[in-house]
Amino acid sequence: MERSIDDGSLEATLTRGMNEGTYPGAVAAIGSADGIERIAVVGERDPERGKAMTRGTTFDVASLTKPVVTATTTLSLLEAGEITLSDELRRHVPNLDGHRRGGIRLLELVTHSSGFQPYSFSEEWSSVEDVLNGLRNRSILEAEPGSRNEYSCLNFVYLAAALRGATERSLGELAEQHVFGPAGMKDSSLGPLSDTGNVAATYDHDYRDRILRGEIHDPLGWAMDGESGNAGLFTTMDDLARFARAYLAADGTLLSAATVERMQDDWLPGLDTRHSLGWRLADETYPAPNWSRVGLGHTGYTGTSLWLDHDRDRFAILLTNQVYDGKGTGLIRFRERFHAMVAAGRFD
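Cut-off values and rules
Residues numbered from 1 in each chain as written. Predicted model: local features only at pLDDT ≥ 70, side-chain atom pairs only at ≥ 80, totals over all residues. Heavy atoms only, no water. Phe/Tyr/Trp six-rings, centres within 6.5 Å; stacked < 30°, edge-to-face > 60°. Helix = DSSP H or I, 4+ residues; strand = E, 2+ residues; numbered from the N terminus. Buried < 20%, exposed > 50% of the residue type's maximum accessible area, 1.4 Å probe, protein only. Lys NZ or Arg CZ within 6 Å of the ring centre and 35° of its normal. Pairing = 2+ DSSP bridges. Contact = heavy atoms within 4.5 Å. Axes fitted to C-alpha atoms, helices over the stretch in contact; angles between N-to-C directions. Expected span 1.5 Å × (residues − 1). Bend = angle between axes of the 7 residues up to and from the residue.

## Looking at the packing of aromatic side chains
Point 1. Considering all chains together, one arrives at 11 aromatic pairs under this definition.
Point 2. When the ring of phenylalanine 116 is compared with that of tyrosine 158, the centres are 5.4 Å apart and the planes differ by 25°; the resulting orientation is stacked. Linking phenylalanine 116 in the loop between helix H4 (106-110) and helix H5 (128-136) with tyrosine 158 in helix H6 (residues 153-167), this pair joins segments that are 42 residues apart in sequence. Both residues of the pair, phenylalanine 116 and tyrosine 158, count as buried.
Point 3. One aromatic cluster is present, built from ring pairs that chain together Phe121, Trp125 and Tyr207.
Point 4. The ring of tryptophan 222 has arginine 208 lying over it, and the distance from NZ or CZ to the ring centre is 3.9 Å.
Point 5. Residue placement shows lysine 327 over the ring face of tyrosine 301; its charged tip is 4.3 Å from the ring centre.

## Focus on unusual backbone geometry
Point 1. Put simply, glycine 191 and proline 192 share a cis peptide bond, and its omega is 5°.
Point 2. Relative to the elements of secondary structure, proline 192 occurs in the loop between strand E5 (189-190) and strand E6 (202-204).
Point 3. Cis geometry is found at the peptide bond from tyrosine 286 to proline 287, where omega equals 0°.
Point 4. Within the fold, proline 287 resides in the loop between strand E9 (280-281) and strand E10 (296-300).
Point 5. Positive phi values are uncommon outside glycine, yet aspartate 209 reaches one of about 50°.
Point 6. You can see aspartate 209 is positioned in the loop between E6 and strand E7 (210-212).
Point 7. According to the relative accessible area criterion, aspartate 209 is exposed, its value standing at 54%.

## Points about the sheet that holds strand E12 (residues 314-320)
Point 1. Read across the sheet, seven strands follow the order E3-E2-E1-E12-E11-E10-E9 without closing on themselves; strand pairing throughout is antiparallel. With partners counted over all chains shown, the strands left at the sheet margins are strand E3 (51-52) and E9, one partner each.
Point 2. Summarising the sheet, E10 and strand E11 (residues 304-309) pair through five bridges and their orientation is antiparallel. Counted as the bridge partner of leucine 296 is leucine 308 from E11.
Point 3. The sheet strands contacting helix H11 (residues 331-343) are strand E1 (25-32), E10, E11 and E12, and the helix crosses E12 at an angle near 150°.

## A closer look at helix H2 (residues 65-79)
Point 1. The first and last C-alpha atoms of H2 sit 20 Å apart over 15 residues, in line with the 21 Å expected at 1.5 Å per residue.
Point 2. Maximal helix bending in H2 amounts to about 30°, located at alanine 71.
Point 3. Along H2, 13 of the 15 residues are buried, which leaves the element largely enclosed by surrounding structure.
Point 4. Positive phi appears at glycine 81, one or two residues downstream of H2, with a value of about 75°.

Structural data, given as structure tokens:
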């Protein structure tokens, strides 16, 4: 049952970050498998229009799409026996027989150990087919699969393609069946959005040079109309809290307890970076030095993050529209401060 909400020092912390120019507005929530324990809302969701941030504001959470939608769906399909992580890409994605990338395993995609370069995009691409055809004609494999950990959005573009190929369903349909429906995420979808009345505006400084409201910020997600797997999720703080609670409970709502337990392992023990299945593991100062090393988390380019700690039954959600003002506003340092305070119980 959800406890009474007390902003307290959490609101003060978010306000300080806003006053430092880190973001125009923010929503944060801290809780456990039992419910939300602290929440705070500050600032503006749309500075140009002077619209205040609210608890129910919808955010383009960018790369949080990777663990929340694509990785969770992958593991759910694994539990259903529809795929295996040892499957090679060529089993599910057509026209890869003549490419080395066809031999990449789904495991190497979900752990960012495929050898793909970090990103690739052309403004000429405007559909799922355009992107996959364009990538097929580019040399994007920079290292032998399994030889390095290199964060790449292309891993999840291909992972989403494999999920569609294995099931003959869209990623949006799979997300509804395996994530949104089971977790009770009633205000979540893969964009773009038709209703932009309470959405956090972003700004595309690279390709469109304009304010975006309900359009997918990530270029690949934009071109693929929400089917890219690396970005495109629009969601709210309350829906992410529902997702986090289901993950922490590990009661089969999303995934079995056995799967969630193995996700807390380092799946790249022979490489320098610790990594789980679709999630980063807490390490060094990420997300903060006092965070449990079995913590699972991820960030999003637009200014969002979600961290889970099964050892301490704790989740921390921080949603901002930082990218509205560009990327050099100090959010990385603010995130570390925020997560260090969460781990220390400063908001309890």
